[in-house]
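Results of the structural survey
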Amino acid sequence: MRKILTILVFLAGSILPASVSAGSSRAANPVLPAADVATFSNRVQRDMAGRGASVAIVARVGRDPAMLPDGIRYTHVAFWVYSRIRQADGSTGRGYRVYNLYQKGGDLTRSELIQDSPTDFFAAAHSLDAGVIIPDPKLQRQLLDVINSPTYAALHNPAYSVLANPGSSQFQNCTEHTLDVLMAALYDTANRSQIKANIAAHFQPQPVQLNSLQRLFAPAASGALTTRDHGPDVRTATFGSIARFMTAYNLSDQTYRITPDRLVRF
Amino acid sequence: MTFRLKLAGLTLAVATVAACASPSAQHATQSANHSAQAASHGVSAVVTGAGTVTAVPIVAAGSTLSITGAALEEVGTEAAVSGLEVLDKGLGLAPAQTCYGSPVRGNTACVAADGPPRLR
């Protein structure tokens, strides 16, 4: 038994470090050509602008989808906000800024809110493939109100879990923060408990099939893999589950997938 | 052996579900910035670290927008290199005991949910 446990811990420890940072590991993630990333970033920006999106929810593929659980394609989600931009050199323009929750580089069990550019957003991608939800214009304005208010940061919980339970405030990941902000906008509230109650009542998270051994040993490799905030079943917020939620309640204007040469409506 | 391989594959899959990885440290240092927000009369200035970028959201939902000037990336001039991140196994997380509507282990349900979401 001791030998088996040793092997399991070794396996978890040797495998997970390369993958827990999903998309930022040089060994596990091929580097996309910078020119391609920039071109794709501009394509996504122009496409969204052409559709009149002031605020959108955008997701990227940070890992090989073949290695992800069924029903999950995107690994990072953030708000894109159309803005008037002034760079450090004084140059100005109009385009999107990205409002992210990122894992901290030095401590993957913690996160921070980071604003960056579309190119930054796709720099760590596995492939040039984005999921886009353009909310209803009314909801866009409400989202902007929240993003521009102290509520946006107040809803951030720096205790990070890859598989955070969106019905709990114990841990949070980027997708859950996006969902929390969305709920704050929908219900015009900054009350975290009320937001969680509404998520539990109306949002269907993505189930992730895990057995007890996996749940037991994964945290041995990284605290970011904890499932302590879950009950018997593990369910987490994903781009797909947010898209389904918004579609079910007629909250989205358009939902689609965009690649360098294709655009497909979900 | 089969069991171990299966476990390895599944744990790998678990680890990749919703990781919110930042770009490489190099890239992040160059252009990703911590944001701070200052609300003012309904329109906020979003100020990014070290004064490198200032972005003010524009309310224009529904109409066709344009991407101009500094918002456009100059193709081929910036390295988009993914860097290694050091895994820190530090734990010591303090669980946040917040009430919410659906009982889950370690928490207490004490808030009633509102009705289904709808556009206001």
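Residues numbered from 1 in each chain as written. Chains lettered and ligands numbered in written order. Predicted model: local features only at pLDDT ≥ 70, side-chain atom pairs only at ≥ 80, totals over all residues.

Some words on the packing of helix α6 (residues 174-187) of chain A against helix α7 (residues 192-202) of chain A
All names here are of chain A. How we decide: Note on method: axes are straight lines fitted to C-alpha atoms, helices fitted across the in-contact stretch only, with angles between N-to-C directions ranging 0 to 180 degrees. Secondary structure follows DSSP: runs of H or I at least 4 residues long count as helices, runs of E at least 2 residues long count as strands, and numbering of each begins at the N terminus. Here the word oblique covers every angle except those under 35 degrees (roughly parallel), over 145 (roughly antiparallel) and from 65 to 115 (roughly perpendicular). Placing C-beta atoms from the backbone, we regard two residues as in contact once those atoms come within 7 Å. Side-chain classes follow a simple rule in which Ala, Val, Leu, Ile, Met, Phe, Trp, Tyr, Cys and Pro form the nonpolar group, Asp, Glu, Lys and Arg form the charged group, and the remainder, Gly included, forms the polar group.
Two elements in contact, α6 and α7, have axes whose closest approach is 10 Å; the angle formed by their N-to-C orientations is 100°. Looking at the two axes, α6 sits roughly perpendicular to α7. Counting all contacts with α6, which are made through Leu179, Asp180, Met183, Ala184 and Tyr187, the residues of α7 involved are Gln194, Ile195, Asn198 and Ile199. Class assignment of the residues belonging to the contact of α6 with α7 gives a composition of 6 nonpolar, 2 polar and 1 charged.

Remarks on the pairing of strand β8 (residues 252-258) of chain A
All names here are of chain A. Test applied: Strand pairing requires that DSSP identify at least two bridges connecting the strands.
Both strand β5 (residues 127-135) and β8 contribute to a ladder of 6 bridges, which runs antiparallel. Considered in β8, the bridge of Ile133 is made with Thr255. As defined by bridge partners, β8 adjoins strand β9 (residues 263-265) across 3 bridges and the pair is classed as antiparallel. The partner of Ile258 across the bridge, within β9, is Leu263. Linking two consecutive strands that pair antiparallel, namely β8 and β9, is a turn of 4 residues.

Side note on the confidence of the model for chain A
Residue and element names in this part refer to chain A. We count it as follows: Each residue gets a pLDDT score, which is the predictor's confidence in that residue and runs from 0 to 100.
For chain A, the mean per-residue pLDDT works out to 88, and 89% of the residues sit at or above 70. Of all secondary-structure elements in chain A, the lowest mean pLDDT belongs to helix α1 (residues 2-19), at 42, while α6 reaches the highest, 98. Below pLDDT 50 for its whole length, residues 4-30 participates in 81 contacts with residues either more than four positions away or in separate chains.

What to know about the packing of helix α4 (residues 137-147) of chain A against α6(A)
Residue and element names in this part refer to chain A. The condition is simple: In this scheme the handedness of a crossing depends on how the near helix is turned from the far one: anticlockwise by less than a right angle means left-handed, clockwise means right-handed.
It is at 8 Å that the axes of α4 and α6 come closest, and there the two elements cross at 115°. The angle between α4 and α6 falls in the class roughly perpendicular. Two packed elements cross with a definite hand, and for α4 against α6 that hand is right-handed. Counted together, Leu139, Gln142, Leu143, Asp145, Val146 and Ile147 of α4 and Val181, Leu182, Ala184 and Ala185 of α6 form the full contact between these two elements. Residues that form the contact of α4 with α6 fall into these classes: 8 nonpolar, 1 polar and 1 charged.

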